[in-house]
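In case you want the letters, here they are:
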Amino acid sequence: MQLTLVRHGEAAPPINGNDSKRPLTERGHIQAEQTAHFLKDVVAPDIFVVSTLLRAQETLKHIQQFFPNVEVLVCDKIKPDDDAKVAVEWLSQLPFENIVVVCHMNVVAYIEEIITSEFFTPFSLAEARIYDQTVIAAGLSTKLKHFVPSA
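Attention here is on the structure that accompanies the text. (Residues numbered from 1 in each chain as written. Predicted model: local features only at pLDDT ≥ 70, side-chain atom pairs only at ≥ 80, totals over all residues. Heavy atoms only, no water.)

## Re the sheet that holds strand β4 (residues 98-103)
Here's step 1: Ordered by their spatial adjacency, six strands build an open sheet running β3-β2-β4-β1-β5-β6, and the pairing between neighbours is mixed. Here the strands that pair on one side only, and so sit at the sheet edges, are β3 (71-75) and β6 (142-147). Direction aside, the axes of adjacent strands within the sheet are offset by 20° on average.
Here's step 2: Pairing geometry for strand β2 (residues 47-51) and β3, over five bridges, is parallel. Bridging across to β3, Val50 finds its partner in Val74. (Pairing = 2+ DSSP bridges. Helix = DSSP H or I, 4+ residues; strand = E, 2+ residues; numbered from the N terminus. Axes fitted to C-alpha atoms, helices over the stretch in contact; angles between N-to-C directions.)

## So, the packing of aromatic side chains
Here's step 1: Within this structure, the stated rule accounts for three aromatic pairs.
Here's step 2: Between Phe38 and Phe147, the ring centres sit 4.8 Å apart and the planes meet at 10°, which makes this aromatic pair stacked. Residue Phe38 is located in helix α1 (residues 26-39), and its partner Phe147 is located in strand β6; the two are separated by 109 residues in the primary sequence.
Here's step 3: Between Phe48 and Phe67, the ring centres sit 6.1 Å apart and the planes meet at 65°, which makes this aromatic pair edge-to-face. Of this pair, Phe48 sits in strand β2 while Phe67 is found in the loop between α2 (54-64) and β3, placing the two residues 19 residues apart along the sequence.
Here's step 4: Classification of Phe48 as buried rests on a relative accessible area of 0%. (Phe/Tyr/Trp six-rings, centres within 6.5 Å; stacked < 30°, edge-to-face > 60°. Buried < 20%, exposed > 50% of the residue type's maximum accessible area, 1.4 Å probe, protein only.)

## Looking at the side chain of Thr35
Here's step 1: Structurally, the position occupied by Thr35 is in helix α1.
Here's step 2: Once residues within four sequence positions are removed from consideration, Thr35 is found in contact with Val6, Ala126, Ala128, Phe147 and Pro149. (Contact = heavy atoms within 4.5 Å.)

## A few points about the nonpolar core
For soluble globular proteins, the rule of thumb is that nonpolar side chains tend to be buried together.
Here's step 1: Leu5, Val49, Ile78, Ile99, Val101 and Ile111 are the most contacted members of the largest nonpolar core, which has 23 residues in total.
Here's step 2: Breaking this core down by element, the ones donating at least two residues are β1 (2-7), β2, α3 (84-92), β4 and α4 (107-116).
Here's step 3: If one sorts the elements of this core by residue count, α4 sits on top with five residues.
Here's step 4: Residues within four places of Val49 in sequence aside, it is in contact with Leu73, Cys75, Ile78, Trp90, Leu91, Leu94, Ile99, Val100, Val101 and Val102.
Here's step 5: Core analysis: the next-biggest nonpolar cluster, separate from the first, contains 15 residues, Val6, Phe48, Val100 and Val102 among them. (Core = buried A, V, L, I, M, F, W, Y, C linked by side-chain atoms within 4.5 Å.)

The following block contains the structure:
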């Protein structure tokens with residue numbers, strides 16, 4: 001089983017204090033495009049899981065261009081301040097072998113901390129990390145690859 005965690009690209013500041021509608025900046029789109037090009041050759045997703053927030057959804061659009069027929073699940077458990085334990089439990093229930101998740105700091109790094117039992121390591125903008133595991137559960141994942149865009 002393969003799990004890929006992706007942080008969204010650079011986003012604009014909140015608009016009228018609304019964090020959920022922050023779009024990617026031009027740089028953020030370039031970062032997401034670079035990550036998409038990396039992922040197209042190293043993942044074969046069965047499902048995409050994406051946050052409800054615009055910047056994550058815009059990041060996913062770049063990845064989807066290489067996987068146009070893969071279904072998308074929008075998840076409200078992977079926003080920046082959500083509980084990573086709840087997110088891991090939710091992800092563990094999905095009946096798929098290859099899952100790509102596009103979400104946010106801090107939850108994405110806490111998910112990694114739980115599944116690998118390694119120390120919290122922040123994700124760069126649009127960074128992708130790929131893990132192998134039999135099931136999604138605490139301490140059972142091994143990081144295989146990672147990618148940080150140059151933009």
